[in-house]
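# Structure assessment
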Amino acid sequence: LVNRFLFSFVKKTVLGVTRIVGYRQSEDSRIEQSESFWNNTKASRYQLNSHWLGDDGLSTEVWLELGKEHRSLFETFLKLTNLETPLRRVVEWGCGGGANAIHFAKLAVQFIGVDVSEDSLSQCEKVLKDAGINNFLPVHVNLAKPEEAIKRIQDPCDFFLCTYVFELLPSQAYGKRLLDIAFKLLSPGG
């Protein structure tokens, strides 16, 4: 307990001092740290943070509720547009363990999950298959080169879904890159 307190105190102090003196970590360094974090499935709380279903992840109730909330928002969105289901193609950027996919894959002919973690892509595919959903296309991206996803997703999508990702991005410029990717992947009217 004392060690945990000291570690927390030192971490907060260092972060505070770096803010005061204006130190900024480079985007490349943040990308490297993020890549390491999201590919360490043995890390404490990894499955929870990646929205996996199960013992070290989320309970079934919480896992299902996450996606239900986003599906409800989507259904409201549908009423405001001319999109109709089934959609040809849905891309979820940062699909994690499938909490959204389980609700959205049913709405599309093809559901494309993009993630920086191959283990999360496998987990997402597993929960969809277990539910009898077989339209999943996993796309693994390197955090440093997210634009490579455009080459792997050749056909335009009708809907681009991205939740719980932007707050984890290494910079605002990186966020713009993701928005550019979404724009390029979306079909006219998507």
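The coordinates are above.
Residues numbered from 1 in each chain as written. Predicted model: local features only at pLDDT ≥ 70, side-chain atom pairs only at ≥ 80, totals over all residues. Heavy atoms only, no water.

### A look at the overall build of the chain
- Broken down by element type, the chain carries eight helices and four strands.
- Secondary structure of the chain in N-to-C order comes out as α-α-α-α-β-α-β-α-β-α-β-α.
- Across the chain, every contact between residues at least 6 apart in sequence was considered, and the portion connecting residues at least 24 apart equals 66%.
- As presented, the chain carries roughly 11600 Å² of accessible surface, and 55% of it is formed by carbon and sulfur atoms. (Helix = DSSP H or I, 4+ residues; strand = E, 2+ residues; numbered from the N terminus. Contact = heavy atoms within 4.5 Å. Areas by Shrake-Rupley, 256 points an atom, 1.4 Å probe, with all protein chains shown as cover.)

### With respect to the sheet that holds strand β1 (residues 87-93)
- In space, the four strands of this open sheet follow the order β3-β2-β1-β4, with parallel pairing throughout. Each having just a single partner strand, β3 (136-140) and β4 (159-161) make up the two edges of the open sheet. On average, adjacent strands in this sheet sit at an angle of 20° to one another, irrespective of strand direction.
- In terms of strand pairing, β1 meets strand β2 (residues 108-115) through six bridges, oriented parallel. Paired with Glu92 across the two strands is Gly113, which belongs to β2. (Pairing = 2+ DSSP bridges. Axes fitted to C-alpha atoms, helices over the stretch in contact; angles between N-to-C directions.)

### Points about the nonpolar core
- Phe74, Phe104, Phe111, Leu128, Phe136 and Phe159 are the most contacted members of the largest nonpolar core, which totals 25 residues.
- Of all the secondary-structure elements, those providing two or more residues to this core are α4 (60-80), β1, α5 (101-104), β2, α6 (118-130) and β4.
- Counting residues in hydrophobic clusters, the runner-up holds 23 residues, among them Ile112, Ile153, Val165 and Leu185. (Core = buried A, V, L, I, M, F, W, Y, C linked by side-chain atoms within 4.5 Å. Buried < 20%, exposed > 50% of the residue type's maximum accessible area, 1.4 Å probe, protein only.)

### Observations regarding the pattern of salt bridges
- With the rule as written, the count across this model stands at eight salt bridges.
- Here Arg89 makes a salt bridge to Asp155, at a shortest N to O gap of 3.8 Å. One end of the pair, Arg89, is in strand β1; the other, Asp155, is in the loop between α7 (148-152) and β4, and 66 residues separate them in sequence.
- Of the charged contacts in the structure, one is a salt bridge between Glu147 and Arg177, with a shortest N-O distance of 2.7 Å. (Salt bridge = Lys/Arg side-chain N within 4 Å of Asp/Glu carboxyl O.)

### Examining unusual backbone geometry
- Residue Pro86 is bonded to the preceding Thr85 through a cis peptide linkage, with omega at 0°.
- Relative to the helices and strands, Pro86 is located in the loop between α4 and β1.
- The phi angle at His51 is positive, at roughly 55°, despite the residue not being glycine.
- By the secondary structure assignment, His51 is in the loop between α3 (46-49) and α4.
- Since its relative accessible area comes to 21%, His51 is described here as partly exposed.
- Backbone geometry places Tyr164, a non-glycine residue, at a positive phi of 60°.
- Take Tyr164: it is sitting in the loop between β4 and α8 (172-185).

### Some remarks on the side chain of Ser120
- Positionally, Ser120 belongs in helix α6.
- For Ser120, a relative accessible area of 1% puts it in the buried group.
- In contact with Ser120, other than residues within four places in its own chain, are Tyr46, Ser50, Trp52, Gly96 and Asp115.

### Looking at the packing of aromatic side chains
- The final tally for this structure, using the stated rule, is nine aromatic pairs.
- Summarising the aromatic geometry, the rings of Tyr46 and Trp52 are spaced 5.8 Å apart at their centres and angled 85° between planes, so their arrangement reads as edge-to-face. For the pair Tyr46 and Trp52, a shared accessibility class is recorded, and that class is buried.
- Between the aromatic rings of Phe104 and Phe159, the centroid separation amounts to 6.0 Å while the plane-to-plane angle is 10°, which identifies the pairing as stacked. One end of the pair, Phe104, is in helix α5; the other, Phe159, is in strand β4, and 55 residues separate them in sequence. In terms of burial, Phe104 and Phe159 fall into one category: buried.
- Among the aromatic residues, ring-to-ring pairing joins Phe74, Phe77, Phe104 and Phe159 into one connected group. (Phe/Tyr/Trp six-rings, centres within 6.5 Å; stacked < 30°, edge-to-face > 60°.)

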